[in-house]
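# Fold and contact review
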Amino acid sequence: MILALEYHRSPARYLAAARLPGRLRPAAVPSLAPLRLSHRQPPGPPGPGWVRLRTVLSGICGSDLAMAAGKVSPYLGPLTSMPFVPGHEVLAELMDDVDGMPAGTRVVIDPVLPCRARGTGPCPSCASGHENRCDHVNAGRISSGLQTGFCADTGGGWSERLVAHRSQLHRVPESLPSERAVLAEPLACAVRSVRRIDVPRGTTIVVVGAGTVGLLTVLALRELTAAGPIIVIARHAGQRRRARALGATETIDPSAALRGLRRITGGSLVRPELGPGYLLGGADIVIDCTGGEGLDTALRLVRAGGTVLLSGMPSKPTDLTPAWYRELNVVGSYASRGADDFGAAIDLAAHDALDGFVDSVYPLTRWRDALSHALSAGRSGSVKIAFAPQNGGTPALHGEASSNAGGTDHLDREGAL
């Protein structure tokens with residue numbers, strides 16, 4: 001038997017969490033979310049090419065928090081199977097030998113579950129190399145699930161064990177610390193985002209949001225493109241400091257976004273009788289990294305004919321009038337595109353500016369504290385919170401955490417590692 005945190009279908013709990021005011025979510029969501037800590041049989045390999053994994057670390061993603069807080073679109077409902085174990089940002093050890101990698105090798109997982117993993121004939125997307133667009137995510141030898149962490153048959157990182165197909169596995173260099181390696185999956189998503197769009201030399205880019213996704217996107221833009229000024233819209237002082245360390249040219253508080261960007265890019269500020277203002281002029285590219293909360297802002301900051309990139313799961317309705325009137329290019333970016341993106345991500349994970357990104361690690365038994373901490377991470381100064389499922393004891397303060405978070409009092413209170 002293994003310890004696992006399971007997500008069960010519960011419309012009543014889902015809707016109750018969705019109705020919570022934002023200020024109450026960190027305290028109340030962990031109690032309302034349809035999650036249950038349980039002992040269960042470990043998942044077994046469902047077919048050829050599948051291997052067993054022992055979880056080392058698994059991150060808490062913004063999409064996981066949206067799921068717990070009742071903010072996920074019903075569109076994705078048919079692409080999951082219940083009960084599933086969340087956790088798609090996974091660093092694990094192989095329990096079986098596979099493809100020249102002996103048991104005990106550290107690997108990170110590409111969580112996408114495309115045709116190769118499901119044993120189906122390749123759909124058009126998979127045949128063209130776009131496995132993140134797979135049309136067979138509800139077919140084949142495993143149950144529905146757009147990713148590991150949303151599929152009942154594979155397990156997920158919020159448990160002691162899971163299974164994965166060999167095509168999902170990427171070896172971690174021995175020199176890369178575990179706290180950096182667990183960032184590989186969100187880094188691969190950031191790599192995919194910047195590769196989804198054309199970034200001519202000198203392009204002015206605005207990144208809306210400076211949580212994990214936004215900060216890693218800044219790093220990918222600076223390291224992998226010829227972008228010019230990168231302006232980051234960040235709510236908290238700690239986020240602004242990290243954004244500058246990762247290559248941002250300038251950071252702006254959301255309340256001053258319109259005025260600040262007008263100063264940088266020129267143009268004029270227009271204020272309707274109802275609703276927020278917008279720029280005539282603005283940035284060449286604006287990337288929404290808030291999970292949809294900042295999409296309205298992005299549409300109001302980009303120049304006519306510019307590009308708005310969605311690098312997070314949208315979570316609220318948005319007025320799309322700017323997309324029509326200003327002839328904008330609205331582009332989505334989902335997950336990553338396999339080995340090339342993960343190779344670049346593992347290289348980026350060695351960047352010194354990522355030191356201390358994972359500053360708090362919890363055992364599964366403290367899952368309510370972990371979710372509460374993750375929901376308030378921006379205010380506390382934390383970036384990425386993770387589970388260490390093999391750690392069944394009481395966590396202690398990590399040596400790095402006090403210098404990279406919002407103060408040791410908070411971390412001691414949360415029992416962070």
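As a starting point, this report considers the structure included with it. Predicted model, so just to flag it, every value in this text is computed and none were measured. (Residues numbered from 1 in each chain as written. Predicted model: local features only at pLDDT ≥ 70, side-chain atom pairs only at ≥ 80, totals over all residues. Heavy atoms only, no water.)

## Re the nonpolar core
When a protein is soluble and globular, its nonpolar side chains tend to lie buried together. Leu187, Ile205, Val207, Val232, Leu354 and Phe357 are the most contacted members of the largest nonpolar core, which totals 50 residues. Among the secondary structure elements, those contributing two or more residues to this core are helix H7 (184–195), strand E8 (205–208), helix H8 (212–224), strand E9 (230–233), strand E13 (283–288), helix H13 (339–348) and strand E16 (358–362). Per-domain counts for this core show at least three residues from each of domain 1 (2–172 + 356–387) and domain 2 (186–332). Excluding anything up to four places from it in sequence, Val232 contacts Val207, Gly209, Ala210, Val218, Ala243, Ala248, Glu250, Thr251 and Ile252. Leu3, Val29, Leu65 and Ala68 belong to the second largest nonpolar core, which has 29 residues in total. (Core = buried A, V, L, I, M, F, W, Y, C linked by side-chain atoms within 4.5 Å. Buried < 20%, exposed > 50% of the residue type's maximum accessible area, 1.4 Å probe, protein only. Helix = DSSP H or I, 4+ residues; strand = E, 2+ residues; numbered from the N terminus. Domains from an automatic or database assignment. Contact = heavy atoms within 4.5 Å.)

## Observations concerning unusual backbone geometry
Here the residue pair Met82 and Pro83 is connected by a cis peptide bond, since its omega of -15 degrees sits within 30 degrees of zero. Relative to the assigned elements, Pro83 resides in the loop between helix H3 (62–68) and strand E4 (89–94). The phi angle at Asp99 is positive, at roughly 50 degrees, despite the residue not being glycine. Residue position: Asp99 is located in the loop between E4 and strand E5 (106–109). By relative accessible area, Asp99 is classed as exposed at 57%. In this model, Glu327 sits at a positive phi of 50 degrees, which is unusual for a non-glycine residue. Structurally, Glu327 is set in the loop between helix H12 (321–325) and strand E15 (329–332).

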